[in-house]
Amino acid sequence: SEGPQRHFPLRCLQISSFANSSWSRTDGLAWLGELQAYTWRNDSDTIRFLKPWSQGRFSDQQWENLQHIFLVYRISFTRDIQEFVTMLHVDYPFDIQISGGCEVLLGNTSKSFLDIAFQGKAVVSFQGTFWVPDPDSPPWVQKACKVANQDRGTRETVQWLLDSICPGLVRGLLETGKSELEKPVQPEAWLSSGPAPGPGRLLLGCHVSGFYPNPVWAMWMRGEQEQPGTRRGDVLPQADGTWYLRVTLDVAAGEAAGLSCRVRHSSLGDQDIILYWGRGQAS
Ligand code: ELG
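Everything in this summary refers to the structure shown in the same document. A quick note: this is a predicted structure, and the numbers were derived from the prediction, not measured. (Residues numbered from 1 in each chain as written. Predicted model: local features only at pLDDT ≥ 70, side-chain atom pairs only at ≥ 80, totals over all residues. Heavy atoms only, no water.)

**Quick look at the sheet that holds strand S12 (residues 225-226)**
Ordered in space as S12-S11-S16-S17, the four strands form an open sheet in which the pairing is antiparallel. On the outer flanks of this sheet lie S12 and strand S17 (273-276), each paired with one strand and no other. Relative to strand S16 (residues 259-264), strand S11 (residues 217-222) is paired through six bridges, and the arrangement is antiparallel. When the sheet's bridge partners are listed, Arg-222 is paired in S16 with Leu-259. (Pairing = 2+ DSSP bridges. Helix = DSSP H or I, 4+ residues; strand = E, 2+ residues; numbered from the N terminus.)

Pasting the structure below:
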């Protein structure tokens, strides 16, 4: 087989909020490419599968073992942080975010990462076999890393999770989830007129909804001429795993005729969607 054409990194995210010395919570979630495959809530002992293919090629027993590792880890992590905070005089409240995972590359290779942020700022990463603090992270984080680096068992577990378990899981997921991961979904598109940006002006909207995967191209055109005034909104996630985009154009009311919105997406092949202003709008 040819192997995956696109890249599908597994990104595991941990969000831990510490309000004071007696209240904290830790939640987790994980994405394969653009699709969320797992959640792990603070009040649950189990990692929940969000997709029919989330188990990958791992056995029930392998999942039990992983879940147990994460359960022990969550308790230990919370206790460790509370100890560091007491010892090193850190102020509540704060958040710690951890992003870890891997990507399987061609030829049986993989690349992994593990990054920790404190109050939204990157402070530590795991590199090779050690926790490495950012040079400009607070002194208490640097001390905490020195302590963490003394725990060889944990460093070995982290290495094993990143370099062996993660790529193994991803390889299985690319098989079990292949059809959903690789199947493009066509957008639908429609035009609207927004609130007048000024006297004698129109705000033309072109809405593109329901596409997968993410990159999409949409432009206001006059014939073959791309309109440089096209303003692109943010690409917004929708609950069903597809995406939404709006592009707008501010024009003189008299110049709207002859404009069109053109949409290109991998699901459409060469068949761009072209919608013409004035056909169907009240203008
Ligand atoms: N170790 C129990 O963040 C991100 C995924 C990490 C998974 C690690 C799993 C290993 C684990 O749970 C905790 O360790 C004991 O038991 C182990 C067997 O179960 C081994 O025998 C081990 O040798 C033994 O000590 C351990 O308590 C660990 O410290 C939990 C927290 C790990 C962690 N540490 C960390 C903290 C790393 C870098 C920097 C910091 C400070 C906070 C920095 C940012 C704000």
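**A closer look at the pattern of salt bridges**
According to the stated counting rule, one finds 13 salt bridges in the structure shown. One salt bridge connects Glu-175 with Arg-57, and the closest N-O pair in it is separated by 2.7 Å. In this pair, Glu-175 sits in helix H3 (residues 152-176) while Arg-57 sits in the loop between strand S4 (48-49) and helix H1 (60-88), placing the two residues 118 residues apart along the sequence. Note that Arg-152 and Glu-156 form a salt bridge whose closest N and O atoms lie 3.0 Å from each other. Note that Arg-152 and Glu-156 are positioned in helix H3 at a spacing of four residues, about one turn of the helix. Judged by relative accessible area, which is 55%, Arg-152 ranks as exposed. Looking at Glu-156, the relative accessible area reads 40%, which means it is partly exposed. Linked through salt bridges whose partners overlap, the residues forming this network are Glu-224, Arg-262, Arg-264 and Asp-272. (Salt bridge = Lys/Arg side-chain N within 4 Å of Asp/Glu carboxyl O. Buried < 20%, exposed > 50% of the residue type's maximum accessible area, 1.4 Å probe, protein only.)

**Quick notes on the sheet that holds strand S3 (residues 35-40)**
One open sheet accounts for eight strands, arranged S4-S3-S2-S1-S5-S6-S7-S8; its pairing is antiparallel. Across the chains shown, the open sheet's two edge strands, defined by having one partner strand only, are S4 and strand S8 (130-133). Across four bridges, the pairing between strand S6 (residues 110-118) and strand S7 (residues 121-127) is antiparallel. For Ile-116, the partnering residue across the bridge sits in S7 and is Val-124. Most of the contacts of H1 go to strand S1 (residues 10-20), to which it runs at about 35°, and overall it touches S1, strand S2 (23-32), S3, S4 and strand S5 (94-104). Against the sheet, helix H2 (residues 139-149) touches S6, S7 and S8, its axis set at about 170° to S8. (Contact = heavy atoms within 4.5 Å. Axes fitted to C-alpha atoms, helices over the stretch in contact; angles between N-to-C directions.)

These figures come from the coordinates and say nothing about function on their own.
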